[in-house]
Amino acid sequence: MTVSSFDYLIVGGGPSGLVLASRLTEDADVTVCVLEAGNDFTHSPEIQIPGLSWGNMGRTDIHWMFQTVPQAGSGSRSIFLPRYAYHLSNLQEELDVIKGQNIGRINNGHAWSPDKEFDAYEKLGNSGWNWEEILKYFKKSETFSVSPEQTRKFGQTVNPAFHGIDGPLHRTLPRWTPESRTTLFEALQVLGVPYNSDPSNGHNVGGFSGYHHIHAGDITRSGAAMAYLEPHKSRANLLVITGAEVTKVLLQRNTSGQSIAQGVEYRRDQKILQVNADKEVILCAGTIKTPQLLELSGIGNRHILEKYGIPVLLDLPGVGANYLPDDHYWTSYTAEIDSTIETKDVLFHDRSRVAQEMEAYKRGKSGMMTVGASSDFVFLPATYFTPPDLLKSLCNKSIEADSAGVERTLMIQKEWLMSDQVPQAELALVPFYMPATGKQAEAGKHYVSFLIALQHSFARGTVHIGSTDPYASPEIDPKLLMDGIDIDLMVEAIKYTRKVTDTGPFKKVIREEIHPGTNVQNDADLRHLVQETIQSVYHPIGTASMLPQEDGGVVDSYLKVYGVENLRIVDASVIPIHVSGHPQTAVYALAEKAADIIKKGVL
Ligand SMILES: Cc1cc2nc3c(=O)[nH]c(=O)nc-3n(C[C@H](O)[C@H](O)[C@H](O)COP(=O)(O)OP(=O)(O)OC[C@H]3O[C@@H](n4cnc5c(N)ncnc54)[C@H](O)[C@@H]3O)c2cc1C
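Residues numbered from 1 in each chain as written. Predicted model: local features only at pLDDT ≥ 70, side-chain atom pairs only at ≥ 80, totals over all residues. Heavy atoms only, no water.

## Some remarks on the packing of helix 3 (residues 115–123) against helix 14 (residues 404–417)
Right, so step 1: Contact pair helix 3 / helix 14: the axes reach a minimum separation of 11 Å and the direction vectors enclose 155°. As summarised for this structure, helix 3 and helix 14 are arranged roughly antiparallel, according to the angle between their axes. Taken as a pair, helix 3 and helix 14 cross one another with a handedness that is right-handed. Between helix 3 and helix 14, the contacting residues are Lys-116, Glu-117, Ala-120 and Lys-123 on the first element and Arg-408, Ile-412, Glu-415 and Trp-416 on the second.
Right, so step 2: Grouping the amino acids of the contact of helix 3 with helix 14 by side-chain chemistry returns three nonpolar, no polar and five charged. (Axes fitted to C-alpha atoms, helices over the stretch in contact; angles between N-to-C directions. Helix = DSSP H or I, 4+ residues; strand = E, 2+ residues; numbered from the N terminus. Parallel < 35°, antiparallel > 145°, perpendicular 65-115°, else oblique. Left-handed = near helix turned anticlockwise from the far one by under 90°. Contact = heavy atoms within 4.5 Å. Nonpolar A, V, L, I, M, F, W, Y, C, P; charged D, E, K, R; others polar.)

## Things to note about the packing of aromatic side chains
Right, so step 1: Using the criterion set out here, one finds 15 aromatic pairs in the structure.
Right, so step 2: With a centroid separation of 6.2 Å and an interplanar angle of 25°, the aromatic rings of Phe-118 and Trp-131 are classed as stacked. Placement of Phe-118 in helix 3 and of Trp-131 in helix 4 (residues 131–141) is noted, with a sequence separation of 13 residues between them. Of the two residues, Phe-118 and Trp-131, both sit in the buried class.
Right, so step 3: Note on Phe-450 and Phe-506: the rings are 6.0 Å apart at their centroids and 55° apart in plane angle, and the pair reads as tilted. Note that Phe-450 is positioned in strand 17 (residues 446–454) and Phe-506 in helix 16 (residues 504–509), a separation of 56 residues in sequence. Of the two residues examined, Phe-450 and Phe-506, each falls in the buried class. (Phe/Tyr/Trp six-rings, centres within 6.5 Å; stacked < 30°, edge-to-face > 60°. Buried < 20%, exposed > 50% of the residue type's maximum accessible area, 1.4 Å probe, protein only.)

## Examining the pattern of salt bridges
Right, so step 1: Evaluated as defined, the whole model comprises 28 salt bridges.
Right, so step 2: Between Arg-302 and Asp-315 there is a salt bridge; the shortest N-O distance is 3.8 Å. You can see Arg-302 sitting in helix 9 (residues 302–307) and its partner Asp-315 sitting in strand 13 (residues 314–315), a full 13 residues away along the chain.
Right, so step 3: Residues Asp-488 and Arg-527 are paired through a salt bridge, measuring 2.4 Å at the closest nitrogen-oxygen approach. Note that Asp-488 is positioned in helix 15 (residues 486–501) and Arg-527 in helix 17 (residues 523–533), a separation of 39 residues in sequence. (Salt bridge = Lys/Arg side-chain N within 4 Å of Asp/Glu carboxyl O.)

## Regarding the nonpolar core
Right, so step 1: Among the nonpolar cores identified, the biggest contains 85 residues, and Val-281 and Leu-567 are the most heavily contacted of them.
Right, so step 2: Mapped onto the domain boundaries, this core takes at least three residues apiece from domain 1 (3–109 + 224–325 + 540–599) and domain 2 (175–211 + 326–533).
Right, so step 3: Setting aside residues no more than four positions away along its own chain, Val-281 makes contact with Leu-9, Val-11, Val-249, Ala-261, Gly-263, Val-264, Asn-566, Leu-567 and Arg-568.
Right, so step 4: If you look at the next biggest cluster of nonpolar residues, it comprises 49 residues, including Ala-335, Val-406, Phe-506 and Val-520. (Core = buried A, V, L, I, M, F, W, Y, C linked by side-chain atoms within 4.5 Å. Domains from an automatic or database assignment.)

## A short note on the domain arrangement of the chain
Right, so step 1: Examined at the domain level, the chain breaks down into domain 1 (3–109 + 224–325 + 540–599) and domain 2 (175–211 + 326–533).
Right, so step 2: In this structure, domain 1 and domain 2 have C-alpha centres spaced 28 Å apart.
Right, so step 3: Summing both sides of the interface, domain 1 and domain 2 together bury roughly 4500 Å²; the carbon and sulfur share of this comes to 62%.
Right, so step 4: Joining domain 1 to domain 2, the criterion identifies one salt bridge.
Right, so step 5: Residue Asp-551 is joined to Arg-408 by a salt bridge in which the shortest nitrogen-to-oxygen separation is 2.7 Å.
Right, so step 6: Where domain 1 touches domain 2, the interface holds 22 residue pairs in polar contact (both at pLDDT 80 or more).
Right, so step 7: Looking at the side of domain 1 that touches domain 2, the elements with two or more residues in it are strand 3 (63–67), strand 9 (245–253) and helix 8 (286–296).
Right, so step 8: Residue contributions to the side of domain 1 that touches domain 2 peak at six residues, all from helix 8.
Right, so step 9: Among the residues making up the side of domain 1 that touches domain 2, the classes are represented as 27 nonpolar, 21 polar and six charged. (Buried area = accessible area lost by both parts, 1.4 Å probe. Polar contact = N/O pair within 3.5 Å; in protein donor to acceptor, adjacent residues only side chain to side chain.)

## A look at helix 17
Right, so step 1: Along helix 17, the residues that are buried comprise Leu-526, Leu-529, Val-530 and Thr-533. Down the axis of helix 17, the buried set is contained in an arc of 100°. They therefore lie on one face.
Right, so step 2: At its buried positions, helix 17 is contacted by strand 14 (330–337), helix 15 and strand 20 (510–515).
Right, so step 3: Put simply, Asn-522 is the residue that caps the front of helix 17, since its side-chain oxygen is 3.2 Å from the backbone nitrogen of Ala-524. (Arc of directions from axis to C-beta.)

Here's what the structure looks like:
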């Protein structure tokens, strides 16, 4: 067995792991080793070119192909829940129970969340975690660029109060927008939904064109690997080992009985190896794998560990417990539209058009390949799309909570339900055929779809080991739609989407509703449709929540695991409550702040 040692061992090269690796090795005297199960795809065109990113969906070499356990609340279906692996590049994709890998990961990381949502971290007992603080780190992570033409088109400038100008990650506005964007914003105006020219300023309600992690210069995707790792790969104090799957944290007890993390065990090329941490082991393995690693190492709910014969080093019932499955689980609306309106459907049916668009991308950095699937969004508080009586009755519903922390997050979410400043539903405009069920598009026809997603699901599930096999998937049970609130909100959000497409300018271009379909009208049918079609957008959090220990927390506000020395968690699993913006930007900010905490020497 080969053993070596570093100051910090980082388990997982996703966004959080790579931010930490880059920031900690700014000090040449500090040594860091990143162990990542996946491989490095940073420079492959499928990762780099925004328009090709969707083609990565389902690639087992890039993703951990997780699947949930069958969901009683959604037709006993298992929901596909991919996770990126080896985030040395930053992607986005999905699927079933093995792993794929990709170091770094790139997404539409959006900071679009209102100040109130981040302030909730502090309200839950995490001192120093609030909007002002998170904004500081958003800005540290970002270089935001807009051209004069984009300022004219989107009404947005670089406002240094809310945007960074020299951070590692590049963000910009889309170069190509679908024709249906204008139709959408006109219809919203008729309905009284405001246009929001900068949803990053702490107020994210309304319709807007989102900015993406794309380099404004060469229009390639800007993710953790490209932004945080590539420029520093040659640092003598940084080692990144890919294809290294960590199987457990090595813990010892000192003479006073305190558990101390000493290193990790990992598998690479069929060999089992060990590496030691002189200062800390930092878990950045993500919401699904971090709780699994803790449990396999003897940290977790005593009953679960005992069930699998794992010696209990620390009884910490919060591990794997506060699983907030998705802030954006979704169904869809799809309709055929007037064929004079240009959509991306051409890319699915016309090879010569694909070649033409690739050429436009290569030569002029223009056209459909400069953007991902969706660039235009509507963020709606429930007060915009839910009748007041229904809202009141949803707020009065009681939901079972298995810890004080969960109970408090649910209370906060109920307050947000009544707020006209906290969005509850996102409609993402998808300019092509994308129904949530598998009907086929007809070649030559043009379609518009909306991904209709909830932003603050009330579901609370679990992620626990289902065996002692470190290479097996943990049991993922999001308990989708079991809370009695989400399904009603979803039904109302679908009705509102129909209202948008039935309004003025949109109504004129709609030919036929394909999904849900004109035969699905009453609430009972819509509820059934939601149960049968709901999908994940792959934004899980919370399985190692930052909360007071007595409230079911796993880490304190310095991200240190309660009751263990030298073990920290810095990834999406510590986020205790969802924000309405897509989470990746929050993860970058979290990791930037964590790096400062560690550098300041908070042990
Ligand atoms: C398909 C898809 C699309 C998404 N789209 C968006 C989007 O558009 N916008 C957005 O904001 N968010 C998006 N997300 C969510 C976003 O990717 C996550 O919130 C974010 O990546 C979380 O970062 P993390 O560092 O916590 O964990 P992860 O990104 O999950 O990184 C964990 C890393 O640890 C590695 N790892 C895990 N276990 C081990 C082990 N035992 N040993 C070694 N390495 C290990 C993994 O391979 C992975 O590289 C998407 C996610 C997916 C899966």
